[in-house]
Amino acid sequence: MRELHYPGFSLQCPANWEDITDQVDADDPPITLADRDADTGALQFSAAMFESGELPQIDEASLRELLNDYAEAYELGEPLETTFQSEPVQRITATFETYDDLICLWYLTDGKSLVFASFITERPADPTAVTTVQQMLDSLKIDPR
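In this report, we go over the structure that sits alongside the text. (Residues numbered from 1 in each chain as written. Predicted model: local features only at pLDDT ≥ 70, side-chain atom pairs only at ≥ 80, totals over all residues. Heavy atoms only, no water.)

Some thoughts on the overall build of the protein
Looking only at helices and strands, the protein features 2 helices and 10 strands. Each helix and strand of the protein, placed in order from N terminus to C terminus, yields the pattern β-β-β-β-β-α-β-β-β-β-α-β. Taken over the C-alpha trace, the protein has a radius of gyration of 15 Å; the compact-globule value for 145 residues is 15 Å, and the two agree within 12%. Counting only C-alpha atoms and orienting by the principal axes, one finds that the protein spans roughly 45 × 35 × 30 Å. Residues counted as buried form 40% of the 145 residues belonging to the protein. In the protein, of all internal contacts separated by at least 6 residues, the share reaching a separation of at least 24 is 47%. For the protein, the accessible surface area stands at approximately 8400 Å², while carbon and sulfur atoms represent 46% of it. Side-chain charges in the protein split into 8 positive and 29 negative, and the spacing between the mean points of these groups amounts to 9 Å. (Helix = DSSP H or I, 4+ residues; strand = E, 2+ residues; numbered from the N terminus. Rg over C-alpha atoms; globule rule 2.2 N^0.38 Å. Buried < 20%, exposed > 50% of the residue type's maximum accessible area, 1.4 Å probe, protein only. Contact = heavy atoms within 4.5 Å. Areas by Shrake-Rupley, 256 points an atom, 1.4 Å probe, with all protein chains shown as cover. Lys, Arg positive; Asp, Glu negative; His and termini not counted. Charge placed at Lys NZ, Arg CZ, Asp CG, Glu CD.)

Digging into the packing of aromatic side chains
Describing an aromatic ring pair means giving the distance of the ring centres and the angle of the ring planes. One pass over the full model with this rule turns up 6 aromatic pairs. Between W17 and F119 the ring centres are 6.3 Å apart and the planes differ by 50 degrees, which places this aromatic pair in the tilted class. One end of the pair, W17, is in strand β3 (residues 17-19); the other, F119, is in strand β9 (residues 114-122), and 102 residues separate them in sequence. For the pair W17 and F119, one class covers both residues: buried. Centroid distance Y107 to F116: 4.7 Å. Interplanar angle 40 degrees. Geometry classified as tilted. The buried category is assigned to Y107, whose relative accessible area is 7%. (Phe/Tyr/Trp six-rings, centres within 6.5 Å; stacked < 30°, edge-to-face > 60°.)

A closer look at the sheet that holds strand β8 (residues 101-109)
The strand order β3-β4-β5-β9-β8-β7-β6 describes an open sheet built from 7 strands, whose pairing is antiparallel. The outermost strands of the open sheet, each flanked by one partner alone, are β3 and β6 (81-85). Averaged over neighbouring strand pairs, the angle between their axes works out to 15 degrees when direction is ignored. Examined bridge by bridge, strand β7 (residues 90-97) and β8 share 8 bridges and lie antiparallel to one another. Bridge pairing links R91 to L108 in β8. (Pairing = 2+ DSSP bridges. Axes fitted to C-alpha atoms, helices over the stretch in contact; angles between N-to-C directions.)

Some thoughts on helix α1 (residues 60-73)
Taking 1.5 Å of rise per residue, 14 residues should cover 20 Å, and α1 covers 20 Å from first to last C-alpha, within 8% of that figure. The complete set of buried residues in α1 reads L63, L67, Y70 and A71. Taken down its axis, α1 places every buried residue within 95 degrees of arc, on the same side. Among the exposed residues of α1, those oriented more than 90 degrees off its buried face are A61, E65, E72 and A73. Against β6, β7, β8 and β9 lie the buried residues of α1. Positive backbone phi, at 50 degrees, marks E75, one or two positions downstream of α1. (Expected span 1.5 Å × (residues − 1). Arc of directions from axis to C-beta.)

Points about unusual backbone geometry
Residue E87 is joined to P88 through a cis peptide bond whose omega torsion reads -5 degrees. Position of P88 among the secondary structure elements: in the loop between β6 and β7. Phi is positive for E75, which is not a glycine, with a value near 50 degrees.

Quick look at the sheet that holds strand β2 (residues 8-13)
The 3 strands lie next to each other as β1-β2-β10, forming an open sheet whose pairing is antiparallel. Looking along the sheet, the strands with just one partner apiece sit at the ends: β1 (2-6) and β10 (141-143). Between one strand and the next, the sheet's axes are offset by a mean angle of 25 degrees, whatever the strand orientation.

Just distances and angles here, no functional claims.
Spelled out as structure tokens, the structure:
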């Protein structure tokens, strides 16, 4: 495992996962990681880091609202499962199934900054890839430097 650093956060990543952001066809693509050895899907990140002003109070209810709004906007339906953890960083996780894809979403916060992550993979999902992505998210540290 190696540590990857991005503006506002870092995480541990297996050697076969690499940053492919420059290959994403978009004007301002999100940070995107993928397994270079297997076509298992893409893990993408967006971060909103607290810089100044009134300190936001991001809590479990805020994370649930963000998740629900996202699911509604993209017509994902009801999640297969939703979990909330308060340590080491607060996070809400949800998994959705569409006809073709498995979609895993995370909202992570230290109470003031926010990281959104999504992993989309074709169904049936490779359980090893899903486990690897979960381990990567478990290692995520918010660092608003």
